[in-house]
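Below, each chain spelled out in residue letters.
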Amino acid sequence: MGKLKDFQIVLEKSRKVFLQGDAIRGQVMMSVVSDGLQNVKGVWLIFHGCCGVLDAGRRHGVPRKEETYFNACITLFGKGPDALDTQDLNLLPGMHGFPFEYQLPCQPIPSSFEGEFGYVRYSATATVCLKRALGNKKFSTVEMFSIVGPTVDLNSVSGLQEGTYSTYEESGFLGLSGVKTTVKYGIPRQGFVPGENINITGHVNNANGPKHSRVFRAQLVQKIVFNFGFMTVSRKQCLAEASIKVKLKKGGEAYFTVGPLSIPPVPSSGLPGCNLIDVKHYVKVDDCEGSRAGKFAVTIGTVPFHEVQHCRQSLAGIHMKDTAAAVAAGGNCETRLPTYEEAIGIVRPASVREDSVSGPADTFVPCYPYFCIPATDPPPSYVKE
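Residues numbered from 1 in each chain as written. Predicted model: local features only at pLDDT ≥ 70, side-chain atom pairs only at ≥ 80, totals over all residues. Heavy atoms only, no water.

You'll find the chain entered in an unreviewed UniProt entry as Arrestin domain-containing protein 1-like, with Acanthaster planci given as the organism. A UniProt comment under Sequence similarities (unreviewed entry) is attached to the chain, and it reads "Belongs to the arrestin family." (UniProt positions renumbered as here; feature names shortened; annotations may be inferred.)

In structure tokens, the structure reads:
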């Protein structure tokens, strides 16, 4: 950038994750070399929060639909972008710091999100504008940050503490020999938080069936629905999977557990506050022998049920560079949870809108809260009749 070096936004305490209503504080830092910067129109900082969905055939470019949550400009020096040019403003050689403070809106705004055909992004863009005869010249730097969206309290949603099950029977040829095998499996409740494990337990009664083996495969699936107005496009991503082989004797029965399915740091179900992107979660169980599949909708929230609220909560990204570092520092986590990018496998470039940009905005991975919950054995008999 010539005379302008080390142009960056430094957030207070290196904080990168915020709640609605929080104050974002920090400084815009720059080093001016040589004989300084002459004819400076101004230095300003724009805070922008938006959701955009892209055409299904295009993963980059201008969003087809967009909703804005906030767009605020703070003038730090000289004039702002919409003001008339000023006269004789210069920045002397040396290091300059421009402190700022911006309070996020108190109304519900959704969590940060990056998906295949849409995103929810929050950014701060600092700009230095120099007056020129043939058009002002701008230098910008971008700092992305995460927002933890509205609280999803599992205790306030009725029915989530109840288990849900699937039962089916298998008969002989054309049903002439009656019921041979009865299969029942399910999950003990329908609400969870990131950091918890989901265990699927089941029972197979092979009362009149021959000796055989069955494989049960379970997946925790995240389904993203992008709303284009005239149509919707959905994408499914497997967050965790597990399987088990159950051996059955003739006339015998067996109880089994599939799991654990560890829930990584992911956005809350529904992506509250966003009207263009919906997030759904469910557990899918395949009985490979019987060619049957069961699907159980689950809600992933931010506040666990009362019986697990004593467990430690961490906010991935606070004072840390990524979710992997946060999880590794969790202490009482039994195993390291996968990061969101490891579970999803998508890291999209963070698009910027200025003509000359610097800073660590090439890629961005959102951060989500999770809980370090000690592993416990699943109840072995909750599918019993």
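After that view of the structure, there is still more to cover.
Quick notes on the pattern of salt bridges
The tally for this structure, following the rule as stated, stands at 9 salt bridges. Here E101 ties to R25 by a salt bridge, and the two come within 3.3 Å at their closest N and O atoms. Here E101 is found in strand β6 (residues 94-103), whereas its partner R25 is found in strand β3 (residues 23-32), with 76 residues between them in sequence. A residue is classified by how much of its surface remains accessible, and R25, at 34% relative accessible area, is partly exposed. A salt bridge links D287 to R214; its shortest N-O distance comes to 2.8 Å. Placement of the pair is D287 in strand β17 (residues 277-287) and R214 in strand β14 (residues 212-227), with a sequence separation of 73 residues. Accessibility expressed as a relative area gives 0% for D287, which makes it buried. (Salt bridge = Lys/Arg side-chain N within 4 Å of Asp/Glu carboxyl O. Helix = DSSP H or I, 4+ residues; strand = E, 2+ residues; numbered from the N terminus. Buried < 20%, exposed > 50% of the residue type's maximum accessible area, 1.4 Å probe, protein only.)

Considerations on the nonpolar core
Judged by nonpolar contacts, the single largest core of 47 residues is most densely connected at V28, M30 and I277. When residues no more than four places from it in sequence are discounted, the contact partners of M30 are L4, K5, D6, F7, V43, L91, G94, M95, H96, F98 and V128. Membership of the second largest hydrophobic core comes to 27 residues, among which are I187, F216, L248 and L261. (Core = buried A, V, L, I, M, F, W, Y, C linked by side-chain atoms within 4.5 Å. Contact = heavy atoms within 4.5 Å.)

Topic: the sheet that holds β14
Within a sheet, neighbouring strands are paired by backbone hydrogen bonds and run either parallel or antiparallel to one another. Ordered by their spatial adjacency, 5 strands build an open sheet running β12-β18-β17-β14-β15, and the pairing between neighbours is mixed. The outermost strands of the open sheet, each flanked by one partner alone, are β12 (191-192) and β15 (232-248). As judged from the 16 bridges shared by β14 and β15, these two strands associate in the antiparallel manner. From the neighbouring strand, V225 faces β15, where its bridge partner is S234. (Pairing = 2+ DSSP bridges.)

Some remarks on the side chain of H48
Along the chain, H48 turns up in strand β4 (residues 40-53). A distance of 2.6 Å separates a polar atom in the side chain of H48 from a polar atom in the side chain of N71. (Polar contact = N/O pair within 3.5 Å; in protein donor to acceptor, adjacent residues only side chain to side chain.)

Here's the deal with the sheet that holds β3
With antiparallel pairing, the 3 strands of this open sheet are ordered in space as β1-β3-β6. Since the sheet does not close on itself, it has two edges, and those belong to β1 (4-11) and β6, each with one partner. When the angles between neighbouring strand axes are averaged without regard to direction, this sheet yields 15°. Sheet analysis places β3 next to β6, joined by 10 bridges and oriented antiparallel. Looking at the pairing, M30 lines up with H96 of β6. (Axes fitted to C-alpha atoms, helices over the stretch in contact; angles between N-to-C directions.)

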